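Structure assessment
One letter stands for each residue in the lines below.
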Amino acid sequence: MSAPKTKRGRERRAQILAAAEQMFGARGYADTSVADITRAAGAAQGTLYIYFSGKEEIFSELVREMGRMTRRAMARAVADAPDRLEAERRGLAAFLRFAAERPALYRIVEEARFVDPAAYRAYFTEFAEAYRQSLDKAEAEGSIRPGDNEVRAWMLMGIAKSLGDRFVLWEGGGDLDHVVEAAFDMIRDGLAP
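Since the structure is predicted, the reported quantities are computational estimates derived from the model, not experimental observations. (Residues numbered from 1 in each chain as written. Predicted model: local features only at pLDDT ≥ 70, side-chain atom pairs only at ≥ 80, totals over all residues. Heavy atoms only, no water.)

Let's talk about the overall build of the protein chain
Assigned secondary structure in the protein chain consists of 9 helices and 0 strands. Counting from the amino terminus, the protein chain carries its helices and strands in the arrangement α-α-α-α-α-α-α-α-α. Judged by the C-alpha coordinates and their principal axes, the protein chain covers about 60 × 35 × 30 Å. Counting across all 193 residues of the protein chain, residues that qualify as buried make up 45%. Nonlocal contacts in the protein chain, meaning residues at least 24 apart in sequence, comprise 65% of its contacts between residues at least 6 apart. (Helix = DSSP H or I, 4+ residues; strand = E, 2+ residues; numbered from the N terminus. Buried < 20%, exposed > 50% of the residue type's maximum accessible area, 1.4 Å probe, protein only. Contact = heavy atoms within 4.5 Å.)

Structure follows, in structure tokens:
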């Protein structure tokens, strides 16, 4: 569907997406209907179809939005990092804070594995490619040792995802600074004594 051309249209579309985020995040995809979304948005059902073809398209858009927003938050967090290792620490902290601020959106991405596998795969693949490029640049500059940066990107993403599950979604409200520092210790120094 094409993007709304008026400010009011953009605001209404954003309201529908926000309502869908809350409904999908709280109830899951299968237990959320178009009527639930429009009721939460304070809109008529027909209004939703002006902006989206149905709940499937809204769900996929939310997965894409999570990717865009997460990458922006992390890019801002690492923009002035003095080196790649500090960028890793700051990026992990930014990711966990973002997940804590938007847990419904984080849950939607997790559910996309089953609801929209193509969107789920694109979310992680696009993230990994940008991550690999950053690691390649750091390697070329000599700020990290040589290695397989594609594997490293996926491994580092896996660390962040697992920590997000455990300390944001499952536990919530934990000491994220401690989690970041413990994880960064492992990222920086590995397991070697």
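A word on the environment of Arg13
Its location among the elements puts Arg13 in helix H1 (residues 7-27). Expressed as a C-alpha distance, the spacing of Arg13 and Ser162, which sit 149 residues apart in the sequence, is 32 Å. Leaving out residues up to four positions away in the same chain, Arg13 has contacts with Pro4, Tyr51, Phe52 and Glu61.

A word on the packing of helix H5 (residues 84-101) against helix H6 (residues 103-115)
Two elements in contact, H5 and H6, have axes separated by 5 Å at closest approach and are oriented at 100°. With respect to each other, H5 and H6 are oriented roughly perpendicular. Two secondary-structure elements touch here, H5 through Phe95, Phe98, Ala99, Ala100 and Glu101 and H6 through Pro103, Leu105 and Tyr106. The class makeup of the residues in the contact of H5 with H6 is 7 nonpolar, no polar and 1 charged. (Axes fitted to C-alpha atoms, helices over the stretch in contact; angles between N-to-C directions. Parallel < 35°, antiparallel > 145°, perpendicular 65-115°, else oblique. Nonpolar A, V, L, I, M, F, W, Y, C, P; charged D, E, K, R; others polar.)

Describing the pattern of salt bridges
Across all of its chains, the model carries 21 salt bridges by this definition. A salt bridge links Glu61 to Arg68; the nearest nitrogen and oxygen atoms lie 2.7 Å apart. Look at Glu61 and you get buried, because its relative accessible area is 10%. By relative accessible area, Arg68 is classed as partly exposed at 35%. A salt bridge links Asp80 to Arg90, with the nearest nitrogen and oxygen atoms 2.8 Å apart. Of this pair, Asp80 sits in the loop between helix H4 (55-78) and H5 while Arg90 sits in helix H5, and the two are 10 residues apart along the sequence. Asp80 sits in the exposed class, given a relative accessible area of 59%. By sharing partners, the salt bridges in this structure join Asp80, Glu86, Arg89, Arg90 and Glu181 into a single network. (Salt bridge = Lys/Arg side-chain N within 4 Å of Asp/Glu carboxyl O.)

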